[in-house]
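These are the residues of each chain, in order.
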Amino acid sequence: MNKEELMRRAIELSINSVRNGGGPFGAVIARNGEIIAEGSNCVTIDNDPTAHAEVATIRKACQKSGTFDLTGCEIYTSCEPCPMCLGAIYWAHLDKIYYANDRKDAADIGFDDDFIYQEIEVKPQYRKKPSEILLRNEAIEAFKLWSNKTDKTEY
């Protein structure tokens, strides 16, 4: 399939998602034009705020591929990824992101991802959601164990 066909599939998934009670987002992951996985937004269906189309599709692609590294694959998503999904795309090592609607289009219908993009740039102590460091000296033990582990799988 070419890029336009893959994007049309992501758009079709987003439209079907709305018709089936989900959010207006769909995604496809492909390697060399072949669909590896596809998914749509199921936040309200699954009562899971992380059930975004991109995350669901990354999970399916990784299960199908038997790896957490999707190097060599591209993602086609019906909307510019939110910060969570953008992070997941980077962690999955997808080569390229194609999107149709942008974050302004999403904001126009009530999905204000730009707020989170702005919050990321604010120092933790000044964000809208308060945060503070707690028990760092105890938690650092896991990091020390990881750092010294000789048989770990890097990711």
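Residues numbered from 1 in each chain as written. Predicted model: local features only at pLDDT ≥ 70, side-chain atom pairs only at ≥ 80, totals over all residues. Heavy atoms only, no water.

Chemist: Which residues make up the side chain of Ser-78, and what are the values?
Modeler: Secondary-structure assignment places Ser-78 in strand β3 (residues 74–79). When neighbours within four sequence positions are excluded, Ser-78 is seen to be in contact with Ala-10, Ile-11, Ser-14, Pro-24, Phe-25, Gly-26, Ala-100 and Asn-101. (Helix = DSSP H or I, 4+ residues; strand = E, 2+ residues; numbered from the N terminus. Contact = heavy atoms within 4.5 Å.)

Chemist: Could you give me a rundown of the packing of aromatic side chains, with the residues and numbers involved?
Modeler: Where two aromatic rings form a pair, the distance of their centres and the angle of their planes describe that pair. Evaluation of the coordinates by the stated rule reveals four aromatic pairs. When the ring of Phe-25 is compared with that of Phe-111, the centres are 5.0 Å apart and the planes differ by 85°; the resulting orientation is edge-to-face. Highlighted residues: Phe-25 in the loop between α1 (3–19) and β1 (26–31) and Phe-111 in the loop between α5 (103–108) and α6 (113–120), separated in sequence by 86 residues. Owing to a relative accessible area of 32%, Phe-111 belongs among the partly exposed residues under this scheme. Here the aromatic rings of Phe-68 and Tyr-155 are separated by 6.1 Å at their centres, their planes lie at 75°, and the arrangement is edge-to-face. You can see Phe-68 sitting in the loop between α3 (53–65) and β3 and its partner Tyr-155 sitting in the segment after α7 (136–148), a full 87 residues away along the chain. Ring-pair connections join several aromatic residues into one group, and the members of that group are Phe-68, Trp-146 and Tyr-155. Looking at Arg-103, its charged tip hangs above the ring of Tyr-117, at a distance of 3.9 Å from the centre. (Phe/Tyr/Trp six-rings, centres within 6.5 Å; stacked < 30°, edge-to-face > 60°. Buried < 20%, exposed > 50% of the residue type's maximum accessible area, 1.4 Å probe, protein only. Lys NZ or Arg CZ within 6 Å of the ring centre and 35° of its normal.)

Chemist: Let's hear about the pairing of strand β2 (residues 34–40): which residues, and what values?
Modeler: Here six bridges tie β1 to β2, and the two strands are oriented antiparallel to one another. Looking at the pairing, Ala-27 lines up with Gly-39 of β2. Between β1 and β2, which pair antiparallel one after the other, the connecting turn spans two residues, and Asn-32 there sits at a positive phi close to 50°. (Pairing = 2+ DSSP bridges.)

Chemist: I'd love a proper account of α1, names of residues and values included.
Modeler: With 17 residues, α1 extends 25 Å between its outermost C-alpha atoms, agreeing within 8% with the 24 Å of an ideal straight helix rising 1.5 Å per residue. Here α1 has its buried residues at Leu-6, Met-7, Ala-10, Leu-13, Ser-14 and Ser-17. Down the axis of α1, the sector holding all buried residues measures 110°, keeping them to one side. Turned more than 90 degrees away from the buried face of α1 sit Arg-8 and Arg-19, all of them exposed. Those residues of α1 that are buried are in contact with β1, β2, β3 and β4 (96–101). Near the N-terminus of α1, the side chain that reaches the backbone nitrogen of Glu-4, with its oxygen 3.1 Å away, is that of Asn-2. Downstream of α1 by a residue or two, Gly-21 has a phi angle that is positive, lying close to 95°. (Expected span 1.5 Å × (residues − 1). Arc of directions from axis to C-beta. Polar contact = N/O pair within 3.5 Å; in protein donor to acceptor, adjacent residues only side chain to side chain.)

Without other data, these values stay purely geometric and don't point to any function.
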